[in-house]
Amino acid sequence: MVPAFEPVRSGGARRGPLRALRRALGRGRRTPAVLLALAVAALAATSAGSGSGAAPPGPTVTPRARPPAAVRMVSAPVRIADAETVRLLRPGDRVDVIAAPNSPMGGAGEAHVVATGARVAEVPRSGETRSDGGALVVLSVPRSTAAALAGAGVTSQLAVTLC
């Protein structure tokens, strides 16, 4: 059961505190009028935020997310099979490294991506290529990716694609 109560009337602010404020100003009482005006403003500010169920206006404080742990980058020297492709690279470029198994016809296994988005740290100067056509590139990668690149370099021919 809901108890009986008086109905809420809108427009009461004109009759209540503002009317008292006008009367106080008319009688020359400045200090009480200012205090009353401040009380009315504070009451209006607190009641406006609580009636809608929303948060009061103003800056909201959100808990800071913990920054991700820094991934330690290492330099990984990688021998790329095609020296002509390496000439297209510049320090700062991002590349994907692809490993293709060392087989004459490529039938031993499928090519797979070993590293994605690796940053090129160093490229060989012109004339620094091997007789078999490969070229050494230094990539900046996480430590785990460097281990995967080293392992793939022993068993596969490596190629790069620009990101």
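Before reading further, recall that the structure is shown in the block above.
Keep in mind the model is a prediction, meaning the values are calculated, not measured. Sequence order sets the numbering: in each chain, residues are counted from 1 along the sequence as written. In view of the model being predicted, local features appear only for residues whose pLDDT reaches at least 70, and side-chain atom pairs are presented and counted only at 80 or more, with totals across whole chains, interfaces and linings using the full set of residues. As a convention, hydrogens and water are excluded, and side-chain values are obtained from all of the structure's heavy atoms.

Quick look at the overall build of the protein
Here a strand is any run of E in DSSP of at least two residues, a helix any run of H or I of at least four, and the numbering for each starts at the N terminus. A tally of helices and strands in the protein yields five helices and five strands. When the elements of the protein are put in sequence order from the N terminus, they spell out α-α-α-β-α-β-β-β-α-β. Residue burial is assigned from relative accessible area. The probe radius is 1.4 Å, only protein chains are included, and a residue is buried under 20% of its type maximum, exposed over 50%, and partly exposed in between. Counting the 163 residues in the protein, one finds 20% classified as buried. The long-range fraction of contacts in the protein, counting pairs at least 24 apart against all pairs at least 6 apart in sequence, stands at 67%. Here the protein has roughly 12,200 Å² of accessible surface; of this, 59% comes from carbon and sulfur atoms. Here, residues are in contact when the closest pair of their heavy atoms is within 4.5 Å. All accessible-area figures derive from a Shrake-Rupley calculation using a 1.4 Å probe, and residue coverage is judged against the displayed protein chains alone.

Digging into helix α5 (residues 143–155)
What a helix is expected to span follows from its residue count: subtract one and scale by 1.5 Å. Under the 1.5 Å per step criterion, the end-to-end length of α5 is 19 Å for 13 residues, consistent within 8% with the ideal 18 Å. Among the residues making up α5, those that are buried are T145, A146, L149 and A152. Along the long axis of α5, the arc covered by the buried residues comes to 130°, so they all point the same way. When the buried face of α5 is taken as reference, the exposed residues oriented beyond 90 degrees from it are R143, S144, A147, V154 and T155. Note that the arc is defined by the directions from the helix axis to the C-beta atoms.

Considerations on the nonpolar core
Among the buried residues, those of types Ala, Val, Leu, Ile, Met, Phe, Trp, Tyr and Cys that are joined through side-chain atoms within 4.5 Å form a nonpolar core. Of all hydrophobic cores here, the largest spans 23 residues; its most connected members are L139 and L149. Of all the secondary-structure elements, those providing two or more residues to this core are β1 (73–80), α4 (83–86), β2 (94–101), β3 (112–122), β4 (135–142), α5 and β5 (156–162). When residues no more than four places from it in sequence are discounted, the contact partners of L149 are A76, V78, V97, V114, A115, L139, V141 and L158.

Quick look at the environment of G134
Looking at the secondary structure, you find G134 in the loop between β3 and β4. We classify G134 as buried; its relative accessible area is 3%. Sequence separation of G134 and V86 is 48 residues, and the distance between their C-alpha atoms is 8.8 Å.

Some points on the pairing of β2
Strand pairing is assigned whenever DSSP detects at least two bridges linking the two strands. In this structure, β2 lies alongside β3, joined through five bridges in antiparallel fashion. Looking across to β3, one finds that V97 is bridged to A115. In terms of strand pairing, β2 meets β5 through seven bridges, oriented antiparallel. Its bridge partner lying in β5, V97 is registered against V160.

Details of the pattern of salt bridges
When a carboxyl oxygen of Asp or Glu is within 4 Å of a side-chain nitrogen of Lys or Arg, the pair counts as a salt bridge. Across all of its chains, the model carries one salt bridge by this definition. Close ionic contact of R87 with E84 constitutes a salt bridge, the shortest N to O distance being 2.9 Å. The class for E84 is partly exposed, based on a relative accessible area of 47%.

Coordinates in, geometry out; function isn't part of it.
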